[in-house]
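Commentary on secondary and tertiary structure
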Amino acid sequence: MIRMLQRFFDNPRLIGAISPSSPALARAMTRQLAEGMAVFEIGAGSGAITRQILESTGAETLVVFEQDPYFAECLRRRVGPTRVVEGFFHDTVGALDEIPDPLVILSSVPFKSLSNSLHFKTVDAICRILLASPNRRLIQYTYFNRPPFVPRNANLRWRYLTRVWSNIPPATVWELRAGTDPKTAG
């Protein structure tokens, strides 16, 4: 916890939180996964959601993306054979051999605090992946009661999933995917 605070104060725009996601938030995020599904986790931080993925799902493929070198190294030690990719998602996802389909991207990226450049590049990379197949979706939480960003493509729509009151601060979980019924979009 002390190390996470230090990382937050070193760069609050990229870390985004002073404490790890609560077990309740991790469960709410991973509840969206089915057995054997491919998962990308971006912004894994200290690994609270990563651990829940490994404990509660049989993710066929799990690739964890973390931009902070300290957290990336901690994740490598904690998650065994799971692939941990160090660097920004938009810079590193293209180096993968292929993007699985179906795919769920679980994200803890602090979109509201990112610089405009990082925000745009990350959103663009996610949207390109989602638009390539209707079998792909993003599960993202935010501390606000609105979607974390506005996708640049009208075919991508947000859907509210749940509010996790026991997280500090309380978090709202959203789903973004192509072709979502506009009546259920946030």
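The structure contained in this document is the topic of the report that follows.

Bringing the side chain of Thr-172 into the picture now. Within the fold, Thr-172 resides in strand 7 (residues 171-178). In terms of polar contacts, Thr-172 uses its side chain to reach the side chain of Arg-163, at 2.4 Å.

Attention now goes to the packing of helix 3 (residues 23-30) against helix 4 (residues 48-56). One can describe the packing of helix 3 onto helix 4 by two numbers: an axis separation of 9 Å at closest approach and a directional angle of 55°. For the element pair helix 3 / helix 4, the angle class is oblique. When the axes of helix 3 and helix 4 are compared, the crossing they make is right-handed. When helix 3 is examined against helix 4, the residues Ala-26, Arg-27, Met-29 and Thr-30 are found in contact with a partner set consisting of Ala-48, Ile-49, Gln-52, Ile-53 and Ser-56.

Most of strand 2 (residues 61-66) is tucked away, with five of its six residues classed as buried. Pairing geometry for strand 1 (residues 38-42) and strand 2, over five bridges, is parallel. The residue of strand 2 that forms the bridge with Glu-41 is Val-64. Relative to strand 3 (residues 83-86), strand 2 runs parallel, the two being bridged by four bridges. Within strand 3, the residue paired with Glu-66 across the bridge is Glu-86. In this view, the connection linking strand 2 to its parallel neighbour strand 3 by way of helix 5 (residues 69-78) has right-handed handedness.

Moving on, we come to the environment of Phe-40. Note that Phe-40 resides in strand 1. Take Phe-40: its relative accessible area is 1%, and that puts it in the buried class. In sequence terms Phe-40 and Thr-61 are 21 residues apart; their C-alpha atoms lie 8.0 Å from each other. Every residue in contact with Phe-40, bar those within four places of it in the chain, is listed here: Val-63, Phe-65, Phe-89, Val-93, Leu-96, Ile-99, Pro-100, Leu-103, Val-104, Ile-105 and Leu-106.

By secondary structure assignment, the location of Leu-130 is in helix 7 (residues 116-131). Filtering out sequence-adjacent residues up to four positions away, Leu-130 remains in contact with Ile-105, Arg-136, Arg-137, Leu-138, Leu-156, Leu-176 and Ala-178.

Another point: the sheet that holds strand 6 (residues 156-164). The strand order 3-2-1-4-5-7-6 describes an open sheet built from seven strands, whose pairing is mixed. Either end of the sheet is taken by a strand with one partner, and the two such strands are strand 3 and strand 6. Direction aside, the axes of adjacent strands within the sheet are offset by 20° on average. Note that strand 6 and strand 7 share eight bridges and pair antiparallel. Looking across to strand 7, one finds that Tyr-160 is bridged to Trp-174. Along the sheet, helix 7 contacts strand 1, strand 4 (103-107), strand 5 (136-142), strand 6 and strand 7; its crossing angle with strand 5, the most-contacted strand, is approximately 145°.

Once that is clear, we can look at the pattern of salt bridges. Considering all chains together, one arrives at eight salt bridges under this definition. With its nearest N and O atoms 3.8 Å apart, the salt bridge here joins Arg-77 to Glu-73. Here Arg-77 pairs with Glu-73, and both are found in helix 5, just four residues apart, close to one helical turn. Using a relative accessible area of 58% as the deciding quantity, one classes Arg-77 as exposed. Residues Asp-101 and Arg-136 are paired through a salt bridge, measuring 3.6 Å at the closest nitrogen-oxygen approach.

How each quantity is defined
- Residues numbered from 1 in each chain as written.
- Predicted model: local features only at pLDDT ≥ 70, side-chain atom pairs only at ≥ 80, totals over all residues.
- Heavy atoms only, no water.
- Helix = DSSP H or I, 4+ residues; strand = E, 2+ residues; numbered from the N terminus.
- Polar contact = N/O pair within 3.5 Å; in protein donor to acceptor, adjacent residues only side chain to side chain.
- Axes fitted to C-alpha atoms, helices over the stretch in contact; angles between N-to-C directions.
- Parallel < 35°, antiparallel > 145°, perpendicular 65-115°, else oblique.
- Left-handed = near helix turned anticlockwise from the far one by under 90°.
- Contact = heavy atoms within 4.5 Å.
- Buried < 20%, exposed > 50% of the residue type's maximum accessible area, 1.4 Å probe, protein only.
- Pairing = 2+ DSSP bridges.
- Right-handed = clockwise from strand over helix to strand, strands pointing away.
- Salt bridge = Lys/Arg side-chain N within 4 Å of Asp/Glu carboxyl O.

All quantities given are derived from atomic positions and should not be read as evidence of function.
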